[in-house]
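One letter stands for each residue in the lines below.
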Amino acid sequence: AVHSRDLLATLVPQARPALQALCDSTGCSVEPLRRIEDIAIESSALTSAPNGSAVRLTVVLRNRGPLPLAVPSIELTLTDPGGQMLVRRALSPSDFGVANTTLPAASESPLQLVMVASGRRATGYTVEPFYP
């Protein structure tokens, strides 16, 4: 039960209090289910923000699975014109100001973040979802 606690809590929500009590005694926690294989990035955009010294990152996540899942972190990599990495940053759901940390089953969720741009100008980027 401890090993599969997140799945059990998702499939049988009324078991959550008992699972949490079990975790309280063993030092674990009951969290939203994590299945990165069910998470897809439907679209993304990195644009200049209105003030000019910042960039706006917009990512639309899709939960392709039949169960609600934890919102993943996003790895953002900025590259120069030659494809060389300028910066890599891990962005947590809290960086995006996400209030609900669960993606409903078979749904999309937009995330948006404004960041200060400094240093060399990036011409390319990649985004990848991951669970820390």
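Structure shown above.
The notes below deal with the structure included here. Only a predicted model underlies this, so the values are computations on that prediction, with no experimental measurement involved.

## Some words on the overall build of the protein chain
Part 1 of the argument: Across its full length, the protein chain holds 2 helices and 8 strands.
Part 2 of the argument: Whereas a compact globule of 132 residues would reach a radius of gyration of roughly 14 Å, the protein chain reaches 18 Å, over 25% beyond that.
Part 3 of the argument: Based on the C-alpha atoms only, the size of the protein chain along its principal axes is roughly 55 × 30 × 25 Å.
Part 4 of the argument: Relative to its full complement of 132 residues, the protein chain shows a buried share of 35%.
Part 5 of the argument: Of the contacts made within the protein chain by residues no fewer than 6 positions apart, 65% connect residues no fewer than 24 positions apart.

## A few points about the sheet that holds strand β2 (residues 54-63)
Part 1 of the argument: A sheet is described by the order of its strands in space; here 3 strands give the open sequence β1-β2-β7, paired in antiparallel fashion. The open sheet is flanked by β1 (39-48) and β7 (107-116), the only strands paired with a single partner. Strand-to-strand twist in this sheet, taken as the mean axis angle between neighbours without regard to direction, amounts to 15°.
Part 2 of the argument: When β1 meets β2, the two strands line up antiparallel, connected through 9 bridges. Following the sheet pairing, S43 is matched in β2 by V60.

## Overview of the pairing of β7
In regular strands, side chains alternate between the two faces of the sheet.
Part 1 of the argument: Burial of the side chains of β7 is restricted to one face: S107, S109, L111, L113 and M115 are buried, whereas none of E108, P110, Q112, V114 and V116 on the reverse face is.
Part 2 of the argument: By the bridge criterion, 10 bridges tie β2 to β7 in an arrangement that is antiparallel. Along β7, the bridge assignment pairs V59 with L111.

Cut-offs used in this document
Residues numbered from 1 in each chain as written. Predicted model: local features only at pLDDT ≥ 70, side-chain atom pairs only at ≥ 80, totals over all residues. Heavy atoms only, no water. Helix = DSSP H or I, 4+ residues; strand = E, 2+ residues; numbered from the N terminus. Rg over C-alpha atoms; globule rule 2.2 N^0.38 Å. Buried < 20%, exposed > 50% of the residue type's maximum accessible area, 1.4 Å probe, protein only. Contact = heavy atoms within 4.5 Å. Pairing = 2+ DSSP bridges. Axes fitted to C-alpha atoms, helices over the stretch in contact; angles between N-to-C directions.

No statement about biological role is implied by the geometric values presented.
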